[in-house]
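# Examining the three-dimensional arrangement
The chain contents come next:
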Amino acid sequence: MMIHSLALPPSDAEVDAWLAVLTSAAAVDLPQLPPPSRVEVAGRLCVTPARGRPVLWTAGAGEGAGESGGVAALLLFTEKGNTHTAFLDALTVRPEARRRGVGTALWERVRAELLADGRTSVAAMLDLGGPGQAFAEALGFENVLPMAWYVQDVPADGAPPAGAPADGPAQPPATPGYELLTWYGLVPDAWAPAAAAAHAAMEDAPTGDMDERIQTWTPERLHTLQQLILDRGGDMITVAAVTPGGEVAAYTEIVLPDPWGTAALQYDTVVVPAHRGHGLGRAVKRHMAAQAAARHPQLRRIATTVADENAPMRAVNEALGYRRERGVGIYQIKL
C-alpha cells in the first residue's frame, strides 16, 4: 500500500482528489446529508489551523493525485497543555477500496507520526453505527464523550425556522434587562473582552474523559479562531444577550463553512452561570436562526452536537424544534 504525504498547502488536484474520497464515502455512509462542499474541504486543507500542526496523507495504488483510495488528516496540537495529544480529523476510505488494508495502512502512518512526535493519545469524532466506529473500536479506541447530532430544518418558503420569532429577525424575543446584538464575522473589538469572558463559561460543559484540555479564552484567541473560519471561506454569525453594564450574559454562534451552501453548524451556545434561568439560551438561539435564514436564504438545515449528559442544552434544542438525527461520539485511544 502506497501512502503519500501531502505538502502544505495541497494543490488543486490534490484537493479535488481528497474531495472525491469524502464525497464517495458520504454517499454510502451518510446519504441523508448534503454532500461535502469544495469550499469547506479546500479551506480546511489549505489554511493552517490556529491550534496546531496539520499532517495530511493519501493512500492509493498509483502516484497520481486522482487515484487516492483513502485520506487521513491529523492535527498535532501546539497549544499549551495539549502537546501530549492530537485530533484525527479524517481517516476515510472510498467504499470500493474498503477491506483491502487501506484504512489500516493509513492508521499505521498516523500512529507512527504520533509516536515520533511524543503524543500519548489521539481522539476522533465518529458517527455511531457506521464503519468508522467499528474500525476504531477494533484498534482500541473508546467512546469517552457520547453525543448526538441535532438538526433544525429551515423552511424554503422564507418563513423563520421552527421556534424562531414569527416577525423575523427585526423582532427579537423579549429578554427583559438584556439587549440582543448580532455580529457578523469577528466580534467587534469593543465587545471582544466581554465575549471572551463569556466563552470561559464553556468550562463547565461536559468533556467526558478527553485528554484535550480547555484553553483560556482571551480576546486575541477569540479573534484568531474566528478569523480562521473567515480565512477558510466560511461565514460566522454571533448573537449575544448583553447587559446595560457591558457584560455578555449569553451568546450563540453559527458557522456556514460554505456561505453558498444549504447547511450550517451551530457552534457554542453558552449562558453565563449568573444569568441562567431567564431563557437566554432559547432567546439567543431563536434569534440566531432567524438572522441566519435572513442572511442566507438558501439555508435549509442547522446542525449541532450536544453531549448526552448535557440535559439543559438538549431541552433548549427540543423547545426550538431541533430533532435528534444520529448518535456520535468522541473516541480516544491511549498510545
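The rules we used
Residues numbered from 1 in each chain as written. Predicted model: local features only at pLDDT ≥ 70, side-chain atom pairs only at ≥ 80, totals over all residues. Heavy atoms only, no water. Buried < 20%, exposed > 50% of the residue type's maximum accessible area, 1.4 Å probe, protein only. Helix = DSSP H or I, 4+ residues; strand = E, 2+ residues; numbered from the N terminus. Arc of directions from axis to C-beta. Contact = heavy atoms within 4.5 Å. Core = buried A, V, L, I, M, F, W, Y, C linked by side-chain atoms within 4.5 Å. Axes fitted to C-alpha atoms, helices over the stretch in contact; angles between N-to-C directions. Parallel < 35°, antiparallel > 145°, perpendicular 65-115°, else oblique. Nonpolar A, V, L, I, M, F, W, Y, C, P; charged D, E, K, R; others polar. Pairing = 2+ DSSP bridges. Salt bridge = Lys/Arg side-chain N within 4 Å of Asp/Glu carboxyl O. pLDDT = per-residue confidence, 0-100. Polar contact = N/O pair within 3.5 Å; in protein donor to acceptor, adjacent residues only side chain to side chain. Phe/Tyr/Trp six-rings, centres within 6.5 Å; stacked < 30°, edge-to-face > 60°.

### Things to note about helix 8 (residues 311-319)
Along helix 8, the positions that sit buried rather than exposed are M313, V316 and N317. Take helix 8 and look down its axis: the buried residues cluster within an arc of 95 degrees, on one side only. Residues of helix 8 that are exposed and angled more than 90 degrees away from the buried face: P312, E318 and A319. G321 lies just past helix 8 and shows a positive phi near 95 degrees.

### Section: the side chain of Q215
Mapped onto the elements of the fold, Q215 is located in the loop between helix 5 (192-199) and helix 6 (219-231). Residues within four places of Q215 in sequence aside, it is in contact with E79, K80, N82 and R221.

### Considering the nonpolar core
One finds A241, I254, L280, L299 and I302 to be the most contacted residues of the largest nonpolar core, which totals 27 residues. Listed by contribution, the elements that provide at least two residues to this core are strand 6 (142-153), strand 8 (235-242), strand 9 (248-256), strand 10 (263-271), helix 7 (280-295), strand 11 (301-307) and helix 8. A per-element tally of this core places helix 7 first, with six residues. With residues up to four places along the chain from it excluded, the contact list for I302 reads Y150, V151, Q152, V154, I254, A264, Q266, A289 and Y322.

### Quick notes on unusual backbone geometry
With an omega of -5 degrees, the peptide bond between L8 and P9 qualifies as cis. The topology assignment puts P9 in the loop between strand 1 (2-5) and helix 1 (12-29). Positioned with a positive phi, R99 is a non-glycine residue whose angle comes to about 65 degrees. Looking at R99, the relative accessible area reads 87%, which means it is exposed.

### Digging into the packing of helix 5 against helix 6
Packing of helix 5 against helix 6 brings their axes to within 8 Å, and their N-to-C directions diverge by 85 degrees. Here helix 5 is positioned roughly perpendicular relative to helix 6, judged by the angle of their axes. Only P219, L222 and H223 of helix 6 make contact with helix 5, whose side of the interface consists of A192, P193, A195, A196 and H199. Per-class residue counts for the contact of helix 5 with helix 6 are six nonpolar, two polar and no charged.

### Points about the pairing of strand 8
Of all eight residues making up strand 8, eight are buried, and the element is well covered by its neighbours. Neither face of strand 8 is exposed, since D235, I237, V239 and A241 on one face and M236, T238, A240 and V242 on the opposite face are all buried. Here strand 7 (residues 179-184) pairs with strand 8 via six bridges, running antiparallel. Counterpart to L181 in the pairing with strand 8 is A240. Bridge analysis of strand 8 against strand 9 gives eight bridges, and the strand direction is antiparallel. Bridge pairing in strand 9 places V242 opposite V248.

### Some words on the pattern of salt bridges
Applying the stated criterion across every chain, the model contains 16 salt bridges. As a salt-bridge pair, R38 and D16 come within 2.7 Å of each other at their nearest N and O atoms. Pair noted here: R38 is in helix 2 (residues 38-46) and D16 is in helix 1, with a separation of 22 residues, a long-range link. E96 is the salt-bridge partner of R94, the closest N and O atoms lying 3.6 Å from each other. A residue is classified by how much of its surface remains accessible, and E96, at 47% relative accessible area, is partly exposed.

### Observations concerning the confidence of the model for the chain
Per-residue confidence for the chain gives a mean pLDDT of 91, with 91% of residues at or over 70. Of the regions scoring below 50 in pLDDT, residues 165-172 engages in twelve contacts with residues more than four places distant in sequence or in other chains.

### Re the environment of Y184
Looking at where Y184 falls in the secondary structure, it is placed in strand 7. For Y184 and M236, which are 52 residues apart along the polypeptide, the C-alpha to C-alpha distance reads 6.0 Å. Apart from the residues within four sequence positions on either side, Y184 is in contact with M236, I237, Q291 and R295. Reaching out from Y184, the side chain makes a polar contact with the side chain of Q291 at a distance of 3.2 Å.

### Some details on the packing of aromatic side chains
Counted by the stated rule, this structure contains two aromatic pairs. Residues W107 and F141 carry aromatic rings whose centres are separated by 5.4 Å and whose planes lie at 65 degrees to one another, so their mutual orientation is edge-to-face. Of the two residues, W107 sits in helix 3 (residues 102-116) while F141 sits in the loop between helix 4 (131-139) and strand 6, which places them 34 residues apart along the sequence. Taken as a pair, W107 and F141 share a single burial class, namely buried. Ring plane angle 40 degrees and centroid distance 5.8 Å describe the contact between W183 and W191, whose orientation is recorded as tilted. Assigned by exposure class, W183 and W191 land together as buried.

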